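# Summary of structural features
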Number of protein chains: 2
Amino acid sequence: MADDWATFGADLHLELRGPGLRDGLMNALREAVRGGRLTAGTRLPSSRQLAADLGVARNTVADAYAELVAEGWLTARQGSGTRVARRSAPRPAPRRVRPEGPAAPPRPRPGKPTYNLRPGTPDLASFPRADWLKAARKALTNAPHEAFGYGDPQGRTEMRTVLAEYLARARGVHAAPERIVLCSGFVHGLMLMGQVLKARGVAEVAVESYGLDIHWDLIRRAGIRMPALPTGEHGTRTEELGGIGYADVGAVLMTPAHQFPTGGALQPDRRAAAVDWARAGGGLILEDDYDGEFRYDRQPVGALQGLDPERVVYLGTASKSLAPGLRLAWMVLPEDLVDEVVAAKGKVDWVSSATDQLTFAEFLASGAYDRHVRAMRLRYRRRRDQLVAAVAERSPTTRISGIAAGLHAVLELPEGTEESVLRSAAFQGLALLGINRFRHPDTPRTRDALVVGYGTPPDSAWSGALEALCRVLP
Amino acid sequence: MADDWATFGADLHLELRGPGLRDGLMNALREAVRGGRLTAGTRLPSSRQLAADLGVARNTVADAYAELVAEGWLTARQGSGTRVARRSAPRPAPRRVRPEGPAAPPRPRPGKPTYNLRPGTPDLASFPRADWLKAARKALTNAPHEAFGYGDPQGRTEMRTVLAEYLARARGVHAAPERIVLCSGFVHGLMLMGQVLKARGVAEVAVESYGLDIHWDLIRRAGIRMPALPTGEHGTRTEELGGIGYADVGAVLMTPAHQFPTGGALQPDRRAAAVDWARAGGGLILEDDYDGEFRYDRQPVGALQGLDPERVVYLGTASKSLAPGLRLAWMVLPEDLVDEVVAAKGKVDWVSSATDQLTFAEFLASGAYDRHVRAMRLRYRRRRDQLVAAVAERSPTTRISGIAAGLHAVLELPEGTEESVLRSAAFQGLALLGINRFRHPDTPRTRDALVVGYGTPPDSAWSGALEALCRVLP
């Protein structure tokens, strides 16, 4: 019998030195079973034999055998020695190769656009790494031990306290720390609201006739219908709420400060109409304030929430002002919704990282957030001005709108040309989106336009992106 | 008319100096409307009058009026001046005071336990802040810009690459980066699996007869029934899978390395039985490896997943090895599940912070994670030994089990005494949980015991907690 095993150790391709010998032996045995070289029922050499064969201590082999018995790979029966467990060999697990090869750094691929003017992402090259790290050091050094445990589902107190002060100051939000619930992004907040509204028996949530399908999908998945309110140049027609076609609407999802993507601010009378509707029938307004900090030619329009904190759910985010990768966002809730939203979120915070919350609180309290927003506002305004000037010079017939605020502008196109302009852009390596990409399914097609995210490219790519854009304009 | 307004400025309690005058005026006007001092329809003084009254530039007042018109607080009509918008005054938003006063630092309250031996949380005082910050600095300094954008729903490549290597080395997991999906904790992973299993038509997921109700709730909420497999001293009776009462089971949720909370490792033949069942009928095993790194007297028992990577979903977490506050966990999936789980998670990563992922990847790659786990293993083992010694001395009739691994032990109690021991502990300021807190609703009560989380207290509280425990034992 010993002879059968004389080369067993060599077969296992073992590295016979160093402290990892037992682990190496275990891995080699696991691989041999998995790969079918050792089949079920096969008797292994005794630990004494294998140890001699490998030139290692007998205990090393005995330990490895014992562990593999505990894990179910081997069996050890009195009088029958150690054998491979009698189970069919598992199929070998092929390494799953995805088209983009996620383990390798991304390489330029044929067809990958050179320039990106899609809306929705801020300039990631401007993320304030040094200031963020400075805030992280201070926050993590000073945090109490319990901060690293399971947290309050509303979010860390440190963060909610400074956030309430900031939102009141910068966005006119009537906020208090105990009304704030942290979430991992607007999408998470909307998902929670979908659950709460469904549980409250809301059958329909009205949305704007242009918006993001990922948001609509969340509402739909909560089992709620989703009629569209017409959105034109002067904002969304909130005066239609409660009228024909909107009788079952229990809440409305809106972007009052800067309609996404058409770009206007909701007119004062329409702000009032939304609040009046909400008060009259117990409705709720979900205010998506995704880029409220960025307004260029005058003071930002304050949040609608300030008009009636008991009828408006304010949703804000650090995704545009800092970076989407932080997954930090917040809701300021009417008092009677706090418990329901917290219950939907869970008994403890299963989602948001304490380290980022603590760091953000310090970043905000230290004034670094305000400085960053101011610097980015100047940078984006400069880009906006360059965009406006370039279009005026190179394509004087193209009308630009939605330029007072935010990180994107709308460039009107001649009727029926949106698709051909997008194709031409793609051909030139410029990633662009048309406005009909954002059209609600119930909304008729009435315009052709580009939604140009001028915040997206890093500084180094900006002038190239602008040039590429001008080339595809009429 | 001007006379009516002579004291208007003073009424607004304005700070009349500094750059924030316009903001201050706007806030004061908002508050006056909100609080009912200015009622709907009230005509405001002209900007010229108010500016003179306040001794400020007229433009400051005009700008503030214009902004408040844009926000919907005021209206401006030709010939009618500026008036408070005709809407019913909002109810003032009371500051919501929760019993625990979240804005204030936590204070000792009457009845708040002095010592905490509840299981489930590691020693938070040992979180390696300095090493974590060091890793954060390196990771954030070196990260590509795109790391701060919307991320891959599977998680950052950097993290999955080092994690695959680590899990293979330390837990015997057959892992590859493209099989890993990051999640924000075991709860998030289980929620995703609930959705996927429900969509696959799985009607029942078997669970162990002792476990966590928050996990069971997630399965139930996915619309899946949840029969319990009996769990005794030698682990969970996986041999009953497929038998009477378990015919509709499509998956089983288990803690093979260290049953929670009863503390045993799943016996080899029961590991084999679970895998055989899964292979025979296309079932899945959900392996909750919550504290697999902590085994004290011998090598950790390798993950069950290694036995068949195509039939086992491996779920691991940094919540016990580092800290729950990080919200970092991972799934290693059978190949044919990756796309379904990613689809359930979303098109981009809506959940997990890029900064923490990058930092964890660096922390792991640098060897700091291994060092931390080794240090904590020694620390927890010392506590375990002290617990065993103290109980042997002070309560020799009390049997301890589940001590080979993990952060908790089970102390058997005489029949019918669990509640009275818990009451006595609470009375002495010691937070404790009994084993029946973890009993599945279908499981008959057969034992009385304490589940003692010896990892929970900080070092400074450990000997006091141990002493308090000994006092309540029979």
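Residues numbered from 1 in each chain as written. Chains lettered and ligands numbered in written order. Predicted model: local features only at pLDDT ≥ 70, side-chain atom pairs only at ≥ 80, totals over all residues. Heavy atoms only, no water.

This paragraph deals with the overall build of chain A. Helix and strand counts for chain A come out as 14 helices and 17 strands. Buried positions account for 60% of the 474 residues belonging to chain A. Once local pairs closer than 6 in sequence are excluded, the contacts in chain A between residues at least 24 apart make up 72%. (Helix = DSSP H or I, 4+ residues; strand = E, 2+ residues; numbered from the N terminus. Buried < 20%, exposed > 50% of the residue type's maximum accessible area, 1.4 Å probe, protein only. Contact = heavy atoms within 4.5 Å.)

Mapping chain B onto chain A calls for a rotation angle of 180° and an axial translation of 0.0 Å; the resulting RMSD is 0.1 Å. Here the copies are linked by what is in effect a two-fold axis. A symmetric contact is evident, with 100% of the interface residues of chain B recurring at the interface of chain A. (Least-squares fit on C-alpha atoms with pLDDT ≥ 70 in both.)

Right, let's get into the sheet that holds strand β17 (residues 448-453) of chain A. Residue and element names in this part refer to chain A. Judged by pairing direction, the sheet is antiparallel, and its four strands sit side by side in the order β13-β14-β17-β16 without closing on themselves. Edge positions in the sheet fall to β13 (400-401) and β16 (433-434), since each of these pairs with one other strand and no more. In terms of strand pairing, β13 meets strand β14 (residues 408-413) through two bridges, oriented antiparallel. Counted as the bridge partner of Ser401 is Val410 from β14. (Pairing = 2+ DSSP bridges.)

Let's shift gears to the interface of chain B and chain A. Each partner contributes to the interface: chain B provides 99 residues, whereas chain A provides 99 residues. Taking both sides of the interface into account, the surface hidden between chain B and chain A amounts to around 8800 Å²; carbon and sulfur atoms contribute 51%. Across the chain B-chain A interface, the total number found is zero salt bridges. Taken together, chain B and chain A are joined by 28 residue pairs in polar contact (both at pLDDT 80 or more). Looking at the side of chain B that touches chain A, the elements with two or more residues in it are α2 (21-34), α4 (58-71), α5 (129-142), α6 (157-171), α9 (268-281), α10 (338-345) and α11 (354-365) of chain B. No other element matches the eight residues that α5 of chain B contributes to the side of chain B that touches chain A. Of the residues belonging to the side of chain B that touches chain A, the class tally is 43 nonpolar, 23 polar and 33 charged. (Buried area = accessible area lost by both parts, 1.4 Å probe. Salt bridge = Lys/Arg side-chain N within 4 Å of Asp/Glu carboxyl O. Polar contact = N/O pair within 3.5 Å; in protein donor to acceptor, adjacent residues only side chain to side chain. Nonpolar A, V, L, I, M, F, W, Y, C, P; charged D, E, K, R; others polar.)

Scanning the entire structure with this criterion turns up twelve cavities of 30 Å³ or more. Around the largest cavity sit 14 residues that line it, and Ala136 and Asp356 of chain A together with Ala136, Asp356 and Thr359 of chain B are the ones nearest its centre. At the level of elements, α5 (129-142) and α11 (354-365) of chain A together with α5 and α11 of chain B are the ones that each hand at least two residues to the lining of the largest cavity. Across the lining of the largest cavity, the residue classes tally to eight nonpolar, four polar and two charged. (1 Å grid on protein atoms, 1.4 Å probe; cavity = no way out; pocket = protein on both sides within 12 Å on 5 of 7 lines; lining within 4 Å. Points joined across faces, edges and corners; volume = space filled by probe spheres on them.)

On to the packing of aromatic side chains. We describe a pair of aromatic rings using the distance from one ring centre to the other and the angle between the two ring planes. Tallying each qualifying case throughout the model produces 22 aromatic pairs over all chains. A centroid spacing of 5.6 Å and a plane angle of 90° characterise the contact between Phe260 of chain B and Tyr290 of chain B, whose relative ring orientation is edge-to-face. In this pair, Phe260 of chain B sits in the loop between β9 (249-254) and α9 while Tyr290 of chain B sits in the loop between β10 (284-288) and β11 (312-317), placing the two residues 30 residues apart along the sequence. Each member of the pair, Phe260 of chain B as well as Tyr290 of chain B, is classed as buried. What links up through ring pairs into an aromatic cluster is the set Phe127, Trp132, Tyr166, Trp330, Phe360, Phe363 and Tyr369 of chain A together with Phe148 of chain B. Above the plane of the ring of Phe438 of chain A lies Arg437 of chain A, whose end atom (NZ or CZ) is 5.6 Å from the centre. (Phe/Tyr/Trp six-rings, centres within 6.5 Å; stacked < 30°, edge-to-face > 60°. Lys NZ or Arg CZ within 6 Å of the ring centre and 35° of its normal.)

All right, on to the sheet that holds strand β11 (residues 312-317) of chain A then. All names here are of chain A. Here seven strands make up an open sheet; going across it, the order is β4-β12-β11-β10-β9-β5-β6 and the pairing mixed. Each of the sheet's edge strands pairs with one partner strand only, and the pair in question is β4 (180-183) and β6 (228-229). Each of β4, β5 (204-208), β9 (249-254), β10 (284-288), β11 and β12 (329-332) is contacted by helix α7 (residues 186-199), which is oriented at about 170° to β10, the strand it contacts most. (Axes fitted to C-alpha atoms, helices over the stretch in contact; angles between N-to-C directions.)

It is worth spelling out the side chain of Ser126 of chain B at this point. Here Ser126 of chain B is to be found in the loop between β3 (115-116) and α5. Separated by 2.8 Å, the side chains of Ser126 of chain B and Asp123 of chain B make a polar contact.

Glancing now at helix α14 (residues 459-472) of chain A. All names here are of chain A. Here α14 spans 21 Å end to end across 14 residues, near enough to the 20 Å set by a 1.5 Å rise per residue. Restricting attention to buried positions, one finds in α14 the residues Ala461, Trp462, Gly464, Ala465, Leu466, Ala468, Leu469, Cys470 and Val472. Contact partners of the buried residues in α14: β3 (115-116), α12 (368-394), β14, α13 (418-427), β15 (430-431) and β17. (Expected span 1.5 Å × (residues − 1).)

Right, let's talk about the packing of helix α3 (residues 47-54) of chain B against α4 of chain B for a bit. Angle between the axes and distance between the axes: these two values describe a pair of packed helices. Residue and element names in this part refer to chain B. Two elements in contact, α3 and α4, have axes separated by 8 Å at closest approach and are oriented at 125°. Taken as axis vectors, α3 and α4 run oblique relative to one another. Handedness of the α3/α4 crossing: right-handed. For the pair α3 and α4, the contacting residues are Ser47, Arg48, Leu50 and Ala51 in the first and Arg58, Val61, Ala62 and Tyr65 in the second. A class-by-class count of the residues in the contact of α3 with α4 yields five nonpolar, one polar and two charged. (Parallel < 35°, antiparallel > 145°, perpendicular 65-115°, else oblique. Left-handed = near helix turned anticlockwise from the far one by under 90°.)

This paragraph deals with the packing of α7 of chain A against helix α10 (residues 338-345) of chain A. All names here are of chain A. Interhelical geometry of α7 versus α10 gives an angle of 110° and a closest axis separation of 9 Å. Taken together, α7 and α10 sit at an angle that is classed as roughly perpendicular. Across the interface between the two elements, His188, Leu192, Met193, Gln195 and Val196 of α7 pack against Glu340, Val341, Ala344 and Lys345 of α10.

Turning next to the side chain of Glu204 of chain B. All names here are of chain B. Relative to the assigned elements, Glu204 resides in strand β5 (residues 204-208). Polar contacts involving the side chain of Glu204 include one to the side chain of Arg225, which spans 2.9 Å. Beyond its immediate sequence surroundings of up to four residues, Glu204 is in contact with Ile224, Arg225, Pro227, Gly245, Asp248, Val249, Gly250 and Ala251.

Here we come to unusual backbone geometry. All names here are of chain A. Omega for the bond connecting Phe260 with Pro261 falls within 30 degrees of zero, at 0°, which places this linkage in the cis form. Its place among the elements puts Pro261 in the loop between β9 and α9 (268-281). Here the phi dihedral of Arg327 falls at roughly 50°; this positive angle occurs in a residue that is not glycine. Tracing the chain through its elements places Arg327 in the loop between β11 and β12.

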